[in-house]
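Single-letter residue listing:
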Amino acid sequence: MSTASSTSSTEPASAEPPGAEVAPDDARGQGRFAAAVDRFAPALGAYAVVKATGLTVFLLLLSHTGDFLRKDPGRGGGAQPWDVLGTWDGVWYQRIAENGYDPQLIPLHGYPLASYYENSAAFFPLYPWLMRLVGAVTGLGPYGSGIAVSVLASFVAAAGIFAVAERLGGFRAGVIAAVVWGLFPGSGAEWAVYSDSLFVAISAWACYCVMTHRWLAAGLLAFAAGLNRPTAAALIAAVSIAALVALVRRTDGVARPLTAMLITPWGLLWYVGWVGYRMDDWGGYFKLQRGAWNRYFDWGASTARTFLDVITGHWDFWQSNPAPDLIAVALLIALPGLLVLLLRIRPPLVLVVYTLLTVFTALSSNQIFGNISRYLLPAFPLFIGLAIALRRVRVSTLVGLFAMPTLAAGWYAGYALFELGIP
């Protein structure tokens with residue numbers, strides 16, 4: 001028998017096309033994608049519903065009052081209702097995305113609570129960098145690119161919160177936690193030109209990486225968080241402490257936890273140091289925060305004082321805004337219960353440290369009291385304890401339970417934040 005006939009007799013009747021040997025990998029990739037869709041779609045779909053509903057109510061309230069037409073475009077005003085989502089801090093982020101930074105400490109005279117002019121260096125760079133990137137790719141302006149980054153980041157955050165909650169309490173707890181993230185007081189900033197969604201997305205996935213022993217990813221995410229907001233110090237500390245414990249216990253070797261510890265702080269340190277260098281004053285960032293925005297650490301004295309003023313009906317304190325202030329009081333009353341619900345499930349150390357430091361940071365600084373709802377928005381583990389407590393409730397009951405908050409969020413998390421207060 002010839003070689004040719006021998007070969008042909010041992011080959012399949014129809015030869016596979018070139019490249020067919022990668023089909024199993026493609027199938028596995030498609031399978032993983034389908035599994036991810038099946039896993040995250042319910043949570044992200046529910047989150048989208050509550051957010052879209054709240055945003056619709058927010059815009060309807062704006063259109064009903066028309067107050068935004070009489071306000072400064074940078075201070076809750078604009079030509080159209082949706083312009084309000086790019087006001088306040090959003091104006092600064094748009095300026096940075098367009099023009100970059102020019103850190104300066106310029107003395108201001110004649111104002112009792114301000115000693116320096118406001119400067120964009122108070123706002124960290126990661127979010128406006130992403131705005132500029134999206135604008136370059138899509139052709140959107142600063143407002144459109146800012147909204148695009150925030151909305152996309154909000155879904156990444158919802159997915160991260162779902163993943164953490166699912167790991168601790170199962171699928172239904174994960175879905176509920178994602179919904180609560182969309183309804184929490186202060187959540188109006190999630191779909192605005194604000195950096196909140198991006199920060200929570202980074203924080204949630206960093207904590208998840210710690211929980212799943214992905215130390216390098218956790219360290220890199222903490223590094224990135226340090227480029228996004230100064231309150232990233234809470235996440236940096238949480239990841240570092242968890243890594244130190246793993247290092248001491250030798251549960252994950254030495255190299256990976258140690259690497260995570262070494263890289264976490266440098267985003268935050270670099271930006272604060274760069275601002276100080278450009279201002280020729282190494283404490284320049286903190287002087288700017290205190291002198292221009294009246295933000296400084298005071299061990300919670302201003303929070304306690306203002307809390308007492310609000311509950312006793314005294315509205316003569318700095319930046320008094322009755323509706324947001326009352327929402328902040330309600331949230332502070334609920335806060336101990338949320339902490340108890342979280343701690344009773346014995347969460348991983350990284351979540352405990354991150355939550356407690358985030359709460360401490362939010363309450364221990366002089367600030368606009370009504371903004372406590374937004375400052376506590378990054379404390380996403382608070383949603384998880386509540387979600388696990390609700391996971392055994394029937395779906396129909398949950399729908400009824402969340403129906404009114406879904407509608408009301410357009411007011412308490414949107415209109416009250418942007419139009420009745422200063423987010």
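Each remark here, short or long, concerns the structure printed above.
This structure is a prediction, so every number in the text was calculated from the model and none was measured.

Asks: What exactly am I supposed to notice about the overall build of the protein chain here?
Replies: From N to C terminus, the protein chain includes 18 helices and two strands. Computed over its C-alpha atoms, the radius of gyration of the protein chain comes to 24 Å, within 12% of the 22 Å expected for a compact globule of 423 residues. Dimensions of the protein chain, computed from the C-alpha atoms along their principal axes, are close to 105 × 55 × 50 Å. Taking all 423 residues of the protein chain together, 50% fall into the buried category.

Asks: I keep staring at the environment of Y143 and nothing clicks. Help me out?
Replies: Counting through the fold element by element, Y143 comes out in helix α5 (residues 142-169). The spacing of Y143 and L417 is 274 residues in sequence and 19 Å in space, taken between C-alpha atoms. Among all residues touching Y143, those that are not within four sequence positions of it are W82, D83, L85, G86, Q94 and V193. In this structure the side chain of Y143 is engaged in a polar contact, spanning 2.6 Å, whose partner is the backbone oxygen of W82.

Asks: What am I meant to see in helix α7 (residues 196-211) here?
Replies: Residues spaced three or four apart along an α-helix face the same direction, because each turn holds 3.6 residues. The end-to-end C-alpha distance of α7, which contains 16 residues, comes to 23 Å, matching closely the 22 Å that a straight helix rising 1.5 Å per residue would cover. The element α7 is extensively covered by neighbouring structure, given that 15 of its 16 residues are classed as buried. Once α7 ends, the next one or two residues include H213, with phi positive near 65°.

Asks: Looking at this structure, I do not really get the pattern of salt bridges. What am I missing?
Replies: Per the counting criterion, the structure on display carries ten salt bridges. Two residues, E190 and K51, come together in a salt bridge whose shortest N-O distance is 3.6 Å. Of this pair, E190 sits in the loop between α6 (171-183) and α7 while K51 sits in helix α2 (residues 23-65); the two residues are 139 residues apart in sequence, bridging distant segments of the chain. The same class applies to E190 and to K51, which are both buried. As a salt-bridge pair, R278 and D102 come within 3.8 Å of each other at their nearest N and O atoms.

Asks: Quick question: what am I supposed to make of the packing of α7 against helix α15 (residues 349-363) here?
Replies: Think of two packed helices as two axes; the pair is described by the angle between the axes and how far apart they sit. Remark: α7 packs on α15, axes separated minimally by 9 Å, with the N-to-C direction vectors making an angle of 150°. One finds that α7 runs roughly antiparallel with respect to α15. Residue-level contacts link F199, S203, C207, V210 and M211 of α7 to V350, L351 and Y354 of α15. Here the residues of the contact of α7 with α15 sort into seven nonpolar, one polar and no charged.

Procedures and definitions
- Within any chain, residue numbers begin from 1 and follow the written order of that chain's sequence.
- Local features in a predicted model are, by the rule used here, given only for residues with pLDDT of at least 70; side-chain atom pairs are given and counted only at 80 or more, and totals for whole chains, interfaces and linings are based on all residues.
- The side-chain figures draw on all heavy atoms in the structure; neither hydrogens nor water molecules are used.
- Where helices and strands are cited, they refer to DSSP runs of H or I of at least four residues and of E of at least two residues respectively, numbered from the N terminus.
- The globule rule used for comparison is 2.2 Å times the number of residues to the exponent 0.38, while the radius of gyration itself is calculated over C-alpha atoms.
- A 1.4 Å probe rolled over the protein chains alone gives each residue an accessible area, and that area as a share of the maximum for its type sets the label: buried under 20%, exposed over 50%, partly exposed in between.
- Throughout, a contact is declared for two residues whenever any of their heavy atoms are within 4.5 Å.
- In the analysis that follows, any N or O atom pair within 3.5 Å is treated as a polar contact, provided that within protein one partner can donate a hydrogen and the other can accept it, and provided that, for residues neighboring in sequence, both atoms belong to side chains.
- Helix span, expected: 1.5 Å multiplied by one less than the number of residues in the helix.
- For salt bridges, the criterion is a side-chain nitrogen of Lys or Arg within 4 Å of an Asp or Glu carboxyl oxygen.
- Here an axis means a line fitted to C-alpha atoms, over the contact stretch when the element is a helix, while the angle between two N-to-C directions is reported on a 0 to 180 degree scale.
- Note on terminology: angles under 35 degrees are roughly parallel, angles over 145 are roughly antiparallel, angles of 65 to 115 are roughly perpendicular, and the others are oblique.
- In this classification, the charged set is Asp, Glu, Lys and Arg, the nonpolar set is Ala, Val, Leu, Ile, Met, Phe, Trp, Tyr, Cys and Pro, and all remaining amino acids, among them Gly, are polar.

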